[in-house]
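# Architecture at a glance
Each chain, written out:
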Amino acid sequence: MKDTRNILLVIVSLCLIGTWVYHLYDKNKYANTDVLLPVKDSLAEQTKVNDSLRVAYNGLLQQIDSSRSVAVVDTAFVPLDSTSNAIDSLRNEIAAILAINNITKEDLRRAEEKIKQLQQRLSSSASTPVTTSTEIKNTTTPVTNRVETISKPIAEEPVFTASAISFRAMQSGKEQVTANADATGYFSIACTVQNPTASFSDTEVYMALIDPSGDVVQDDPWQSGMLTTSGNDRIPYTRKTKLSYAKGDASRIAMNLKLPAYDKGMYSVQFYHNGVRIGRGNLRLN
């Protein structure tokens, strides 16, 4: 009987010891466990940054378009200077980055840097005085699709203001922007036209696409032709669109243009209304 009681005491003691050992082990385990901290949603953060960059970029586009709408009263194709080329090149690069579906932090960083460069370019160009020439070169030679005359008359008829100009190279069979000439399947060209003081009935907006060699693309005899500027010059155009427009509305013009081949270099797209150039955009293919 005494032996049985001793055995029970030993068993109870072992159980108590085991309980304390487990308690100490479990407590030590939780003490060494790292505290879980809330992790920020990186995708949401990137989307927020992307949206803020788009707002800043759209503001710069409005600044560019408003400044050019004042200066662009000339009705011929003006050679592009280095500052204008740099601004338009930065616009295309920023638009291509912000159009990326699965944008990364590195992409956002690149876009932010290029937006800063664009702001600097705009500031420097705004402080540079602009000189214009009203001289018109008269020539008796036939007009070809390379325009060499420069005329800057004052428009007598109301015209549109072109803004939000989009000029992009798209990949074949994909809705993706590219800067590679070999990968280009077609050009996507668009702009928004507006006039706060006048309405138009069946008015025509002309688009001229200039290739890297300086020639206006006239790939379709039924859709391409010649237009008369307000300075009575005859210049070629690539496409035209008819609009019935109500005063104050913002009307979007968009078209896709597929060329037989795409050369490397700088392309320019120019819009005309009532013989006056109302907007321009550039695109470089590598």
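Residues numbered from 1 in each chain as written. Predicted model: local features only at pLDDT ≥ 70, side-chain atom pairs only at ≥ 80, totals over all residues. Heavy atoms only, no water.

Here we come to the environment of Tyr-206. Mapped onto the fold, Tyr-206 is located in strand E4 (residues 200–210). Separated by 20 residues in sequence, Tyr-206 and Met-226 have C-alpha atoms that sit 9.7 Å apart. Filtering out sequence-adjacent residues up to four positions away, Tyr-206 remains in contact with Leu-227, Tyr-237, Arg-239, Lys-240, Gln-270, Phe-271 and Tyr-272. (Helix = DSSP H or I, 4+ residues; strand = E, 2+ residues; numbered from the N terminus. Contact = heavy atoms within 4.5 Å.)

A separate point is the packing of aromatic side chains. Tallied over the full model, the rule gives seven aromatic pairs. Measuring from centroid to centroid gives 4.8 Å for Phe-160 and Tyr-245, while their planes differ by 85 degrees, and the two rings are edge-to-face. Of this pair, Phe-160 sits in the loop between helix H4 (105–126) and strand E1 (161–171) while Tyr-245 sits in strand E7 (residues 239–245), and the two are 85 residues apart along the sequence. The interplanar angle of 90 degrees and the centroid separation of 5.2 Å between the aromatic rings of Phe-187 and Tyr-262 together place this pair among those described as edge-to-face. In this pair, Phe-187 sits in strand E3 (residues 184–194) while Tyr-262 sits in the loop between strand E8 (250–257) and strand E9 (265–273), placing the two residues 75 residues apart along the sequence. (Phe/Tyr/Trp six-rings, centres within 6.5 Å; stacked < 30°, edge-to-face > 60°.)

Once that is clear, we can look at the confidence of the model for the protein chain. Mean pLDDT over the protein chain works out to 74, with 64% of the residues at or above the 70 mark. Within the protein chain, the lowest mean pLDDT, 64, falls on helix H2 (residues 42–71), and the highest, 94, falls on E9. For residues 129–155, every residue scores under 50 in pLDDT, and the model assigns this stretch 38 contacts once sequence neighbours within four places are set aside. (pLDDT = per-residue confidence, 0-100.)

What follows concerns the sheet that holds E1. One open sheet accounts for four strands, arranged E2-E1-E3-E8; its pairing is antiparallel. Edge positions in the sheet fall to strand E2 (177–178) and E8, since each of these pairs with one other strand and no more. (Pairing = 2+ DSSP bridges.)

Let us look at the nonpolar core. Phe-187, Leu-209 and Phe-271 are the most contacted members of the largest nonpolar core, which has 31 residues in total. Mapped by element, the contributors of at least two residues to this core are E1, E3, E4, E7, E8, E9 and strand E10 (276–285). Contacts of Leu-209, omitting those with residues within four sequence positions, involve Phe-167, Phe-187, Asp-215, Val-216, Val-217, Thr-238, Leu-257, Leu-259, Tyr-267 and Ser-268. Ranked by size, the runner-up nonpolar core spans twelve residues in total, among them Ile-87, Ile-103, Ala-111 and Leu-122. (Core = buried A, V, L, I, M, F, W, Y, C linked by side-chain atoms within 4.5 Å. Buried < 20%, exposed > 50% of the residue type's maximum accessible area, 1.4 Å probe, protein only.)

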